[in-house]
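# What the coordinates show
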Amino acid sequence: MKTAKQNLLSQFAKGKKSNSTVTRRLGVIYTRVSSYEQLGNTSLDTQLRECRAFALRNEIKVEMEFGGTYESAKSDDERKEFKSMLTYLNRRRSITDVIVYDLSRFSRTGGPAIAIIDRLRDKGITVHAATQPADTDTAAGKMMQSMSLIYSHIDNQMKRERTIAGMIAKMRQGGYCGRAPHGYKFENKVLVPDKKAIHIKNIFKWKAREGISNEEIRVRLRKRGWSISKQTLSFVLQNPTYCGLISHSLLEGEILPGNWKPLITQDLFLKANDVKHHIPRGYKVSPDNIEVPLKRFMKCIKCGQKLRGYHAKARGIWYYKCCTVGCSCNKRADDLHELFRAELRKYALPNALIDVVKQALEALLVEHEDSQFAELESLQRSLVELDKKINRIEERFMWEEIPAELYKKHRPKLDEDRTRILLEIESAKNKVSNIESFIAEGVDFAANLPVLWDKGDFKDKQRIQKMVFPEGIHFDKENDNCRTFLVSEVFRVFGSLKANFEQKKLDNPEDFSELSNWAPPLGLEPRTY
């Protein structure tokens, strides 16, 4: 019991007072699959069941459930259910927890996802992965969670690279990638003309032979039963697909012959576009310039406006400048780049810590792999049970225990289920492979931030900038330095590790025992197949 004097003095205590009473925890659940085709499988049901079980085990009352549909992980801004959840969390201050099946379901964007989790943590909201438990109250737990998000991002990028390679190979063989354009439809994966083909031919004939305006073409088409927008008409006129050619950004300026029947000749296509060339086409967009990769990213600390890049032709030098009237914030581009590199170096992983972090990553990925392996085993058991059902129904049909009508009704459904499970097994096998390459790529990225930024093109530089500093970085002209207000959690941890490591070298070059806390116990090795 406190004395009266102690009670009076306690009002002068500093720091946040601990609350020993049990706080009621309220949470939301978010589930998703990546494509429409995946809606038919049991993934969403599995995710929801695991998330509800996690909430029950941890005494979290689920107030709302979001998702339950397909949303791509390419960009968080494009996910309606994800944005609805974030809006709900901003409005409902009493929410304490967000539960997902695993962190790849939350996001695969890497740095931006880490920034979102950081902002939620500042609001007192913790993100939990039901199949990847981690103590996010500790620095090590936060780092492991951030590493898992980066792993998901790398996995997504590798899938994207494989998809792009497949698309390029298909186009080089004459195949068409994407949705069928107006005037065509797909039959056996090949483009064939449809009922709008006659309209497409007329568009090019009218434009090439009569030189009429796009608006007049739209009027004529409406009279023939097709109402087409200005943008769509412009796209049709510039699309060489109609003269049997493949044009795609992945081909980097190449034009290839397609394996479908063209609707018009190449001469007609060129003539139509020669006429169109003399009609004003709107604004011209300047390409991104690698000389000033920090434009629209670096901000003026004085007024908060984003810096723009400009070229002083007389001196042949690139500069950054704030556009605010009266603000004198400007800097030579090469000088500002050097300041930015120095800021990046603060968060790059030191070479002496690479092995420690690799062990931590291996422990994380082994845990992730275990959950994926359990999923694979479950699918394989389901396949065995399904094969037993198929064998049983065949035996009963053979011995005339069931009529032919009943057999024909149920057998196709069993075959369909078997095909689906085989596809899911193949997908699960892919998920548990390439662990060492994931680790090597992640560690190499973390250890070589300034080098990768230097060597990258404009988009690569922008991605690195946003991954490390998700809300941008400020330039302080008065003190001639860069200032950061938000760093992604994983790089903040690396920066703290690096600072502690360098200080430890100065204080006692022989003693690095504290760093061993970041390494898992011996014996944790990635599973091989």
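Structural data are supplied above this passage.
Attention in this report is confined to the structure presented alongside it. Every chain begins its residue count from 1, and numbering advances along the sequence as written. At least 70 in pLDDT is required for a residue's local features to be given in this predicted model, at least 80 for side-chain atom pairs to be given and counted, and no such filter applies to totals for whole chains, interfaces and linings, which use all residues. Neither water nor hydrogens contribute to the side-chain values; these are computed over all heavy atoms in the structure.

Moving on: the overall build of the chain. The helix and strand inventory of the chain stands at 17 helices and 14 strands. Relative to its 529 residues, the chain shows a buried fraction of 41%. At a minimum sequence separation of 6, the contacts of the chain that also span at least 24 residues come to 66%. Carbon and sulfur atoms make up 51% of the accessible area of the chain, which amounts to about 31,300 Å² in all. Every helix listed is a DSSP run of H or I at least four residues long, and every strand listed is a run of E at least two residues long, numbered separately from the N terminus. Relative accessible area decides the class of each residue, using a 1.4 Å probe on protein chains only: under 20% of the type maximum gives buried, over 50% gives exposed, and in between gives partly exposed. The contact definition used throughout considers only heavy atoms, calling two residues in contact when any of these lie within 4.5 Å. Note on areas: Shrake-Rupley with a 1.4 Å probe; residue coverage comes only from the protein chains shown.

All right, on to the sheet that holds strand S2 (residues 60-70) then. Strand order in the open sheet formed by four strands is S2-S1-S3-S4, and the pairing between neighbours is parallel. Two strands bound the open sheet, and with one partner strand each, they are S2 and strand S4 (126-129). Strand-to-strand, the axes of this sheet are offset by a mean angle of 20°, without reference to chain direction. Here the rule is simple: two strands pair whenever DSSP picks up at least two bridges between them. Pairing of strand S1 (residues 25-33) with S2 involves nine bridges; the strand directions are parallel. In the sheet register, valine 28 faces S2, and the bridge partner there is methionine 64. The axes are straight lines fitted to the C-alpha atoms, using for helices just the contacting stretch, and the angles between their N-to-C directions are given from 0 to 180°. This element, helix H2 (residues 43-57), spans S1, S2, strand S3 (97-100) and S4 of the sheet and lies at about 165° to S1.

Okay, a positive patch on the surface next. Like-charged residues within 9 Å of one another, or nonpolar side chains (Val, Leu, Ile, Met, Phe, Trp, Tyr) within 5 Å, are grouped into patches, provided each residue has over 30% relative accessible area and no salt bridge. The salt bridge definition used is simple: a Lys or Arg side-chain nitrogen within 4 Å of an Asp or Glu carboxyl oxygen. His residues and chain termini do not enter the charge count, which takes Lys and Arg as positive and Asp and Glu as negative. The location of each charge is read from NZ of Lys, CZ of Arg, CG of Asp or CD of Glu. A surface patch of like charges, here positive, comprises Lys201, Lys205, Arg209, Lys261 and Lys271. With three residues, helix H7 (residues 197-210) is the single largest residue contributor to the positive patch. Checked against the element boundaries, arginine 209 lands in helix H7. Accessibility expressed as a relative area gives 60% for arginine 209, which makes it exposed.

Side-chain rings of Phe, Tyr and Trp, where Trp is taken by its six-membered ring, are said to pair if the distance between their centres is within 6.5 Å; with planes under 30 degrees apart they count as stacked, over 60 as edge-to-face, and otherwise as tilted. Enumeration over the complete set of coordinates arrives at 14 aromatic pairs. Both rings, one in tyrosine 184 and one in tyrosine 242, keep their centres 6.1 Å apart while their planes meet at 10°; by these two values the pair is stacked. Of this pair, tyrosine 184 sits in strand S5 (residues 184-187) while tyrosine 242 is found in the loop between helix H9 (230-237) and strand S7 (245-247), placing the two residues 58 residues apart along the sequence. Residue tyrosine 184 is classed as buried on the basis of its relative accessible area of 3%. A connected cluster of aromatic rings, assembled from ring pairs, spans Phe297, Phe340, Tyr347, Trp453 and Phe469. Positioned above the aromatic ring of tryptophan 206, the side-chain terminus of arginine 220 is 5.2 Å from the ring centre. Charge-over-ring placement is defined geometrically: NZ (Lys) or CZ (Arg) within 6 Å of the ring centre, and within 35 degrees of the ring normal.

All chains considered together, the criterion is met by 23 salt bridges. Among the ionic pairs, glutamate 215 bridges to arginine 218, the shortest N-O distance being 2.8 Å. Taken together, the residues span about one helical turn, with glutamate 215 and arginine 218 both in helix H8 (residues 214-223) at a distance of three residues. When its relative accessible area of 14% is taken as the criterion, arginine 218 is described as buried.

To continue, consider H8. Turning to H8, its buried residues are Ile217, Arg218, Arg220 and Leu221. Down the axis of H8, the smallest arc covering the buried residues is 165°, so these residues share one side. Packed against the buried residues of H8 are H7 and H9. Looking one or two places after H8, you find glycine 225, whose phi comes out positive at around 95°. In this context, the arc is that of the directions from the helix axis out to the C-beta atoms.

To continue, consider the pairing of S3. Burial along S3 is two-sided: Asp97 and Ile99 facing one way and Val98 and Val100 facing the other are all buried. With three bridges joining them, S1 and S3 adopt parallel strand pairing. Within the sheet, the bridge partner assigned to glycine 27 lies in S3 and is aspartate 97.

Residue alternation in strand S13 (residues 473-476) divides its side chains into two sets, Ile473 and Phe475 and His474 and Asp476, and both sets are buried. Taken together, the three bridges between S13 and strand S14 (residues 481-483) define a ladder with antiparallel strand orientation. Bridge pairing in S14 places phenylalanine 475 opposite cysteine 482. Between S13 and S14, which pair antiparallel and follow one another directly, the connecting turn spans four residues, one of which, aspartate 480, has a positive phi of 55°.

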